[in-house]
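For reference, the chains in residue letters:
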Amino acid sequence: MRFSSLSFRTLVAVACVAAAPFYTTQAFADSAKMDKVLAGEHRSEANKARDKYRNPKATLEFFGVKPNSIVVEALPGGGWYTEVLAPYLRESGTYVALWPTTAERGIKSHEERMAAKPALYDKAKLAKITASPNAGFVPTVEGVAPGSADFVLTFRNIHNLINPDLVDVYMRAFFDMLKPGGVLGVVDHRAKPGSTLKVMIDSGYVTEEYTIKRALAAGFRLDAKSDVNNNAKDAKDYPKGVWTLPPTLTEGEKDRAKYLEIGESDRFTIRFVKPTK
């Protein structure tokens, strides 16, 4: 089941949240290669321990990433997915890390990580985005040609773009970077339905409805959702929002065992597609 292009995107967003199909993952073109990357010595034990929460293989299968894909990872942060995607794509695909031009410290750290292990990251590319919340502002992307990417992926970043108001700007940039038929893959902390913008900003959780509306407004169509990163234990009502849970554990030793038992947050995993027409 697939959704056709939608004319009245805002009106149907709520219906799409309920009706989007769940997708049965397909095998990687090279599953053994992904397994080898995930087990690689270049990944710290702490990062490997998070696989059970972040489910990288199943998540990338759901999005449809193949070894020869051109993949842009928007806002890669500490590089958790970089160390999975860049080696996997190194031989026949392309990995591009997209950073905001304002993140000078993050860009420097990223470049140092790449330079430290050339056997893994020598072919990884760096791109930069200049974005502003000003109404009508068109983002500028350096390092990714329009219509060139097979995938744009972003993990737990929509909540970071709500304040300042950059979600629409980034969605437009994602749309422009992708080829027709290309995939935008989004994972984020799932807020309770109906949560206000203030609640989302304060808690770090984002509603599916909000994310889908913003993607549809940029021109994407909703293709499918997956439950691969769901966590039914997450009550989403903590003193310091999602950061109360691992790995941040902002409450320190207070109720630490309880939060470790809950694990990382409940997350939605959504695949959008850039229409071919």
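Residues numbered from 1 in each chain as written. Predicted model: local features only at pLDDT ≥ 70, side-chain atom pairs only at ≥ 80, totals over all residues. Heavy atoms only, no water.

### As for the overall build of the chain
Here is step 1: What the chain contains, in helices and strands, is 13 helices and eight strands.
Here is step 2: Burial statistics for the chain: of 277 residues in total, 53% are counted as buried.
Here is step 3: Here the chain displays about 12,800 Å² of accessible surface, and carbon together with sulfur accounts for 53% of that area. (Helix = DSSP H or I, 4+ residues; strand = E, 2+ residues; numbered from the N terminus. Buried < 20%, exposed > 50% of the residue type's maximum accessible area, 1.4 Å probe, protein only. Areas by Shrake-Rupley, 256 points an atom, 1.4 Å probe, with all protein chains shown as cover.)

### Observations concerning the environment of V228
Here is step 1: Its place among the elements puts V228 in the loop between β7 (221-226) and α13 (256-262).
Here is step 2: Sequence separation between V228 and A58 is 170 residues, and the spatial gap between their C-alpha atoms is 6.9 Å.

### With respect to the side chain of S226
Here is step 1: Note that S226 resides in strand β7.
Here is step 2: Of the polar contacts made by the side chain of S226, one reaches the backbone nitrogen of V228; its length is 3.1 Å. (Polar contact = N/O pair within 3.5 Å; in protein donor to acceptor, adjacent residues only side chain to side chain.)

### Some remarks on helix α10 (residues 167-177)
Here is step 1: Among the 11 residues that make up α10, eight are buried, leaving the element largely enclosed by the rest of the structure.
Here is step 2: What α10 keeps buried is the set V167, V169, Y170, M171, A173, F174, F175 and M177.

### Side note on the nonpolar core
Here is step 1: F174, L184, F220 and F272 are the most contacted members of the largest nonpolar core, which has 45 residues in total.
Here is step 2: When residues in this core are grouped by element, the largest group, eight residues, is from α10.
Here is step 3: Once you skip the residues sitting within four places of it in the chain, F174 turns out to touch A74, L98, V152, T154, L184 and F220.
Here is step 4: In terms of nonpolar packing, the next biggest core, distinct from the first, is built from 28 residues, V65, A86, Y121 and V183 among them. (Core = buried A, V, L, I, M, F, W, Y, C linked by side-chain atoms within 4.5 Å. Contact = heavy atoms within 4.5 Å.)

### With respect to the confidence of the model for the chain
Here is step 1: Per-residue confidence for the chain averages 90 on the pLDDT scale, and 88% of its residues sit at or above 70.
Here is step 2: Across residues 1-26 the pLDDT falls below 50, and counting only partners more than four positions away or on other chains, this stretch makes 50 contacts in the model. (pLDDT = per-residue confidence, 0-100.)

### What to know about the packing of α10 against helix α12 (residues 208-217)
Here is step 1: Following both chains from N to C, one finds α10 and α12 inclined at 55°, their axes separated by 9 Å at the closest point. Taken together, α10 and α12 sit at an angle that is classed as oblique. Seen from above, α10 lies across α12 with right-handed handedness. Contact with α10, carried on its side by V167, D168 and M171, involves Y210, T211, R214 and A215 of α12 and no other residues of that element.
Here is step 2: Tallied by class, residues from the contact of α10 with α12 come to four nonpolar, one polar and two charged. (Axes fitted to C-alpha atoms, helices over the stretch in contact; angles between N-to-C directions. Parallel < 35°, antiparallel > 145°, perpendicular 65-115°, else oblique. Left-handed = near helix turned anticlockwise from the far one by under 90°. Nonpolar A, V, L, I, M, F, W, Y, C, P; charged D, E, K, R; others polar.)

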